[in-house]
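Spelled out, the chains give:
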Amino acid sequence: MERVIVFDTTLRDGEQSAGAALNIKEKLEIAKQLEKLGVDVIEAGFPISSPGDFEAVRLIAKEVRKPIICALCHAMPEAVDRAWEAIKNAAHPRIHVFLSASDIHLVYQLKKSREDVLRDSRDMVARAKKYCNDVEFSPMDASRTEPEYIYQILEGVIKAGATTVNIPDTVGYAIPGEFGNLIEGIFNNVPNIDKATISVHCHNDLGLAVANSLEAIKRGARQVECTINGIGERAGNASLEEIVMAIMTRKDFFHLTTNINTAQIYPASRLVSELTGFVVQPNKAIVGGNAFRHESGIHQDGVIKMPITYEIMNPRDVGLPSSSLVLGKLSGRRALKERLAELGYSLNEEELVRAFTAFKELADKKRKVTDREIESLVAEEKRTVSEVYHLDRIQVTCGDRGIPTAAVSLVDPKGKVLADAALGTGPVDAVYKAINRIVGVTNKLTEFSVKSITEGIDAIGEVLIRIESDGVTYTGRGADMDIIVASAKAYMNALNRLLAAKKKAK
Ligand code: KIV
Ligand code: ZN
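What you see is a predicted model; the values in this text were computed from it and never measured.

Undergrad: Report on the overall build of the protein, specifying residues and quantitative values.
TA: Scanning the protein for helices and strands turns up 18 helices and 18 strands. Against the globule reference of 23 Å for 506 residues, the protein gives a C-alpha radius of gyration of 25 Å, in line with a compact fold. Principal-axis analysis of the C-alpha atoms gives the protein an extent of 75 × 65 × 40 Å. The buried share of the protein, reckoned over its 506 residues, is 54%. Partitioning the intrachain contacts of the protein with sequence separation of at least 6 by distance along the chain shows that 66% fall at a separation of at least 24. For the protein, the accessible surface area stands at approximately 22800 Å², while carbon and sulfur atoms represent 53% of it. On the protein, the mean spot of the 65 positive side-chain charges and the mean spot of the 68 negative ones are 4 Å from each other.

What follows is the structure in structure tokens.
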């Protein structure tokens, strides 16, 4: 069977989602999981866009050796050079050049003529080719561009050395049949198309990103650009897990395969959700909490008798853990390690010791600890590793009569304990004000949400917050059985990211 190349852009287009904001360490962690998942290409970032993006791409290129590591650049000499600088040490580097092609973009945004675009796209692909044999080109907004003009651009860039030509539905405007016709038109009208792979890159503004990608594959495209959980600009990109599982489940229809190790899909989805703070909707195909849950009696009856009656995929094939109720207070470190491995986490010895201590504390308070709670503990442990200030302790008084009051102590980077107290409109406000008095960094809280990880009064509460400082958003997460403590942890997590970014920018 022919293979479809899976090009993952979670770390580039996915990270462009409003509020995603991953730090370098988190990007590397996701890249390593993408490698385990078996993606063929990781688009690691847009190096010229910021020093942080450049560093992340460089680190991923150095550390992640199996897949192709791709760097994005617009069609400008300095952007191409910067992209190469970031990936030159990759085992398999790729430069991805893009330039708008639609008249809408040329007239209103770039103020360029079609001739300018034909020339610049060829020239910049040729420049990239001098550095790297593997060059991809994207005529941005292709689905709103006259097809004859796309053919001309593609012929030019392939002559200049492009080995992949990507057709972006940048604004999610295409309809499957029409998008498929564009792909077919490219095969029939670009004379040198046999020298390049056709790729597609679909956005989800009309909820059609996956449908458009699959139609393009059906018509001969052999690379698909997508993201974990479908995250990305605006309504997102085509979701990797949906495309891959459609190709696998409907082999009879597509007659195609991918390199994806589907058992790593669920761990990848959980990791991206944890690190970006983007919750996966319960009814999301493949990875949503309800995707394999049967509620109606008739369906349950059928699944018990024979799963195929109402399940078109085996949940184990996408890496869903085999049970959701697992460990308790008598479970040992080995059992925790094995459960973590089943969930897709491989911790080093030091991380395991810390995770086990946290697990024991929780197991002492609760009879049973679920998979989601274990994941939450691990995430909480990882968050504390790169802290500037560490939350030492908090104490709060509140109620319907008194004024909410919080006393907080933090440990500063030199190990000194700093304490302060504040009044607030509520307990969380009081805690945040007390922390602000110690840390002294101005910021605005733009989002705050609390959810419980599992059912039951003794569940862990997870808090997600976003704060803004100098126009940049920082996300923070915290988990604890006490939601005020979880709120304080989330705020410290966001503040630590803000402080780290400011220190780096100096
Ligand atoms: O959506 C888009 O057009 C893009 C390009 C940079 C490929 O993300
Ligand atoms: Zn895009």
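Undergrad: Could you give an account of the environment of Val 280, with specific residues and numbers?
TA: Within the secondary structure layout, Val 280 lies in the loop between helix H12 (265-276) and helix H13 (297-305). Spatially, the C-alpha atom of Val 280 lies 8.5 Å from that of Arg 270, the residues being ten residues apart in sequence. If we skip the residues at most four places from it in the chain, Val 280 touches Asn 229, Ser 269, Ser 273, Val 287 and Gly 288.

Undergrad: So what's going on with the side chain of His 201? Which residues, and what values?
TA: Looking at where His 201 falls in the secondary structure, it is placed in strand E8 (residues 197-202). Here Asp 13 takes part through its side chain, which lies 2.9 Å from a polar atom of the side chain of His 201. If we skip the residues at most four places from it in the chain, His 201 touches Thr 9, Arg 12, Asp 13, Asn 166, Ile 167, Pro 168, Asp 169, Glu 225 and Asn 237.

Undergrad: Please provide a residue-by-residue account of the packing of helix H6 (residues 114-131) against helix H7 (residues 147-160), values included.
TA: Any two packed helices are characterised by the angle at which their axes cross and by the distance between the axes. Contact pair H6 / H7: the axes reach a minimum separation of 8 Å and the direction vectors enclose 25 degrees. The orientation of H6 relative to H7 falls into the category roughly parallel. Every pair of crossing elements has a handedness; the one defined by H6 and H7 is right-handed. Residue-level inspection shows Arg 114, Val 117, Leu 118, Ser 121, Arg 122, Val 125, Ala 126 and Lys 129 of H6 in contact with H7, the latter providing Tyr 149, Gln 152, Ile 153, Gly 156, Val 157 and Ala 160. A class-by-class count of the residues in the contact of H6 with H7 yields eight nonpolar, three polar and three charged.

Undergrad: Go over unusual backbone geometry, please, and point to the residues and values.
TA: Notably, Ile 286 is not glycine yet its phi reads approximately 70 degrees, a positive angle. Relative to the helices and strands, Ile 286 resides in the loop between H12 and H13. On the basis of relative accessibility, which here comes to 7%, the residue Ile 286 falls in the buried class. One non-glycine residue, Asp 470, lies in positive phi territory at about 50 degrees. For Asp 470, a relative accessible area of 68% corresponds to the exposed category.

Undergrad: Can you lay out H12 for me, pointing to particular residues and giving the numbers?
TA: Here H12 spans 16 Å end to end across twelve residues, near enough to the 16 Å set by a 1.5 Å rise per residue. Along H12, the residues classified as buried are Ile 265, Tyr 266, Pro 267, Ala 268, Ser 269, Arg 270, Leu 271, Val 272, Ser 273, Glu 274, Leu 275 and Thr 276. Positive phi shows up at Gly 277, right after H12, with a value of about 80 degrees.

Undergrad: Now, about the site of ligand 1: what can you tell me, with residues and values included?
TA: Arg 12, Asp 13, His 96, Phe 98, Ser 138, Met 140, Asn 166, Pro 168, Thr 170, His 201 and His 203 make up every residue found near ligand 1. A distance of 2.9 Å separates an oxygen atom of ligand 1 from a polar atom in the side chain of Arg 12. In this structure, an oxygen atom belonging to ligand 1 sits 2.6 Å away from a side-chain N or O atom of Thr 170. Of all the secondary-structure elements, those providing two or more residues to the shell around ligand 1 are helix H1 (10-14), strand E5 (93-100), strand E6 (135-140) and strand E7 (164-169). Of the residues assigned to the shell around ligand 1, the class counts are three nonpolar, six polar and two charged.

Undergrad: Lay out the nonpolar core in plain terms, naming residues and giving numbers.
TA: Looking at soluble globular proteins, one finds that nonpolar side chains tend to be buried together. If you look at the biggest cluster of nonpolar residues, it comprises 99 residues, and the most contacted ones within it are Ile 167 and Ile 186. Broken down by element, this core gets its largest block of residues, eight residues, from H7. Apart from the residues within four sequence positions on either side, Ile 186 is in contact with Ile 150, Tyr 151, Leu 154, Ile 167, Ile 193 and Ile 198. Ala 406, Ala 422, Ala 486 and Tyr 491 belong to the second-largest nonpolar core, a separate cluster that totals 28 residues.

Undergrad: Tell me about the layout of surface pockets, and name the residues and values.
TA: By volume, the second largest pocket is sized at about 1400 Å³. Around the second largest pocket, the lining comprises 47 residues; the ones closest to its centre are Tyr 266, Gly 289, Arg 293, Arg 372 and Ile 453. Among the elements of the structure, H12, strand E12 (368-370), helix H16 (371-385), strand E16 (444-452) and strand E17 (461-469) are those that each provide at least two residues to the lining of the second largest pocket.

Undergrad: Help me get a handle on the packing of aromatic side chains, residues and values and all.
TA: Applying the stated criterion across every chain yields a total of five aromatic pairs. Ring geometry for Phe 253 against Phe 254: centres 5.0 Å apart, planes inclined by 90 degrees, an arrangement best described as edge-to-face. Of the residues examined, Phe 254 reaches a relative accessible area of 10% and is grouped as buried. In this structure, Lys 218 packs its charged tip against the face of Phe 253, placed 4.3 Å from the ring centre.

Undergrad: Before we move on, could you go through the sheet that holds strand E15 (residues 417-423) and cite the residues and values that matter?
TA: With respect to topology, three strands assemble into an open sheet ordered E13-E14-E15, the strand pairing being antiparallel. Strand pairing shows two members of the sheet lacking a second neighbour, strand E13 (390-397) and E15, which therefore form its edges. On average, each strand axis in the sheet is inclined to that of its neighbour by 15 degrees, with strand direction left out of account. Sheet strands touched by helix H17 (residues 427-439): E13, strand E14 (405-411) and E15. Its angle to E15, the strand with the most contacts, is close to 135 degrees.

Undergrad: Go over the side chain of Ser 331, please, and point to the residues and values.
TA: Among the structural elements, Ser 331 can be located in the loop between strand E11 (325-328) and helix H14 (333-342). For Ser 331, a relative accessible area of 15% corresponds to the buried category. Setting aside anything within four residues of it in sequence, one finds Ser 331 in contact with Phe 356, Phe 359 and Lys 360.

Conventions and cut-offs
Within each chain, residue numbers correspond to sequence positions counted from 1 in written order. For naming, the first written chain is A and the first written ligand is 1, with later ones following in the order written. In keeping with the predicted nature of the model, local features appear solely for residues at pLDDT of at least 70, side-chain atom pairs appear and are counted solely at 80 or more, and the whole-chain, interface and lining totals rest on all residues. The side-chain values count all of the structure's non-hydrogen atoms but skip hydrogen atoms and water molecules. Here a strand is any run of E in DSSP of at least two residues, a helix any run of H or I of at least four, and the numbering for each starts at the N terminus. Between the two quantities, the radius of gyration covers C-alpha atoms and the globule rule is 2.2 Å times the number of residues to the power 0.38. Note on exposure labels: buried denotes an accessible area under 20% of the residue type's maximum, exposed denotes more than 50%, and partly exposed covers the range between, all computed with a 1.4 Å probe on protein chains only. Whether two residues touch is decided by their heavy atoms; if any such pair falls within 4.5 Å, the residues are in contact. Accessible surface is estimated by sampling points in the Shrake-Rupley manner with a 1.4 Å probe; for residues, cover comes only from the protein chains shown. For the purpose of charge, His is not counted, nor are the chain termini; Lys and Arg are scored as positive and Asp and Glu as negative. By convention, charge coordinates are those of NZ in Lys, CZ in Arg, CG in Asp, or CD in Glu. The definition of a polar contact used here is a pair of N or O atoms within 3.5 Å, where within protein one atom must be able to donate a hydrogen and the other to accept one, and adjacent residues in sequence count solely through side-chain atom pairs. Note on method: axes are straight lines fitted to C-alpha atoms, helices fitted across the in-contact stretch only, with angles between N-to-C directions ranging 0 to 180 degrees. These descriptions rest on fixed angle ranges, namely under 35 degrees for roughly parallel, over 145 for roughly antiparallel, 65 to 115 for roughly perpendicular, and the rest for oblique. A clockwise turn of the near helix away from the far one marks a right-handed crossing, whereas an anticlockwise turn of less than a right angle marks a left-handed crossing. In this count, Pro and Cys sit with the nonpolar residues alongside Ala, Val, Leu, Ile, Met, Phe, Trp and Tyr, while Asp, Glu, Lys and Arg are called charged and the others, Gly among them, polar. The span expected for a helix works out to 1.5 Å for each residue beyond the first. One heavy atom suffices: a residue is near a molecule or strand as soon as one of its heavy atoms comes within 4 Å of it. In this text, buried Ala, Val, Leu, Ile, Met, Phe, Trp, Tyr and Cys residues form a nonpolar core when linked through side-chain atoms within 4.5 Å. Cavities and pockets were defined on a 1 Å grid built over protein atoms only: a cavity is a set of grid points that admits a 1.4 Å probe from which the probe cannot escape, a pocket is an open set flanked by protein on both sides within 12 Å along at least five of seven lines, and lining residues are those with an atom within 4 Å of any such point. Grid points are joined across faces, edges and corners, and a volume is the space filled by probe spheres set on the points. The rule is short: rings of Phe, Tyr and Trp, with Trp giving its six-membered ring, pair when the centres are within 6.5 Å, and they are stacked under 30 degrees, edge-to-face over 60, tilted in between. Put simply, a charge is over a ring when the Lys NZ or the Arg CZ is close to the ring centre, within 6 Å, and near the line of the ring normal, within 35 degrees. Strands are labelled as partners when DSSP assigns at least two bridges between them.

Everything listed is a geometric property; what it means functionally is a separate question.
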